[in-house]
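Chain residues, written in single-letter form:
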Amino acid sequence: MYEPIRTKSVHTVAGTPSSDFPHRSREEELDIQLAGHLAALLAVTDEIRTVAPSADLDTAAERLAGQVTRLRGGSTPVRAPAAAVGEARLVTLHRRAHDLAGRALVVAASRADTSAAILSAERMDAHAAAAGARELATR
């Protein structure tokens, strides 16, 4: 009278693992997120270095690259030479770097990564000071 069900059920029983998609732990997700924020901060830092080179930015770029490499399991970040930007855009780049460092700080604090949190906080301070100094110089 009734025909048997021939397809798999769309419902899963609680407690049974589903192999339909890969699962990552919260720690792995935070690592990926933190590496992304730090890689973006590295790209902006490299862009700032083309306009206003300094030893501080060189050191920061190397430390950022080291953190990204660590978080990505040894995979080094791709670093393309940034196009030269005008002096007027420098304040905007410092603000963007400050925002990215803030995002990285939040994620680093969430995963209790002290070294990344310290680096992010240092970069926030440096970019806030640089943006403030540039704004005062243009007035």
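Remember, it's a predicted structure, so these values are computed and weren't measured experimentally.

Our focus in this paragraph is the overall build of the chain. A tally of helices and strands in the chain yields four helices and zero strands. Burial statistics for the chain: of 139 residues in total, 34% are counted as buried. In the chain, 74% of the contacts between residues at least 6 apart in sequence involve partners at least 24 apart.

Over its 17 residues, helix H2 (residues 55–71) runs 24 Å from end to end, which matches the ideal 24 Å to within 8%, given 1.5 Å per residue. Turning to H2, its buried residues are Leu57, Ala60, Ala61, Leu64, Ala65, Gln67, Val68, Thr69 and Leu71. Backbone geometry just downstream of H2 places glycine 73 in the positive-phi region, at approximately 70°.

What follows deals with the packing of helix H1 (residues 26–51) against helix H3 (residues 90–110). In the contact formed by H1 and H3, the axes pass within 9 Å of each other and the chain directions differ by 160°. The orientation of H1 relative to H3 falls into the category roughly antiparallel. The chirality of how H1 crosses H3 is left-handed. Contacts from Arg26, Leu30, Gln33, Leu34, His37, Leu38, Ala40, Leu41, Val44, Glu47, Ile48 and Val51 of H1 reach H3 at Leu90, Leu93, His94, Arg96, Ala97, Leu100, Ala101, Arg103, Ala104, Val107, Ala108 and Ser110. Its residues assigned to classes, the contact of H1 with H3 shows 16 nonpolar, four polar and four charged.

Another aspect to go through is the environment of histidine 127. Its location among the elements puts histidine 127 in helix H4 (residues 114–138). We classify histidine 127 as buried; its relative accessible area is 1%. Separated by 36 residues in sequence, histidine 127 and valine 91 place their C-alpha atoms 9.0 Å apart. Every residue in contact with histidine 127, bar those within four places of it in the chain, is listed here: Leu41, Thr45, Ile48, Leu57, His94, Ala97 and His98.

Moving on, we come to the pattern of salt bridges. A full pass over the atoms with the stated rule returns twelve salt bridges. Of the charged contacts, one joins arginine 24 and glutamate 29 as a salt bridge, the two residues approaching to 2.8 Å between their closest N and O atoms. With a relative accessible area of 51%, arginine 24 lands in the exposed category. The shortest N-O distance in the salt bridge between aspartate 58 and arginine 49 comes to 2.8 Å.

Counting 28 residues, the largest nonpolar core has Leu34, Leu38, Leu41, Val44, Ile48 and Leu64 as the members making the most contacts within it. Listed by contribution, the elements that provide at least two residues to this core are H1, H2, H3 and H4. No other element matches the nine residues that H1 contributes to this core. Those residues in contact with isoleucine 48 that lie beyond four places of it in its chain are Leu57, Leu90, Leu93, His94, Ala97 and His127.

What counts, and at which threshold
Residues numbered from 1 in each chain as written. Predicted model: local features only at pLDDT ≥ 70, side-chain atom pairs only at ≥ 80, totals over all residues. Heavy atoms only, no water. Helix = DSSP H or I, 4+ residues; strand = E, 2+ residues; numbered from the N terminus. Buried < 20%, exposed > 50% of the residue type's maximum accessible area, 1.4 Å probe, protein only. Contact = heavy atoms within 4.5 Å. Expected span 1.5 Å × (residues − 1). Axes fitted to C-alpha atoms, helices over the stretch in contact; angles between N-to-C directions. Parallel < 35°, antiparallel > 145°, perpendicular 65-115°, else oblique. Left-handed = near helix turned anticlockwise from the far one by under 90°. Nonpolar A, V, L, I, M, F, W, Y, C, P; charged D, E, K, R; others polar. Salt bridge = Lys/Arg side-chain N within 4 Å of Asp/Glu carboxyl O. Core = buried A, V, L, I, M, F, W, Y, C linked by side-chain atoms within 4.5 Å.

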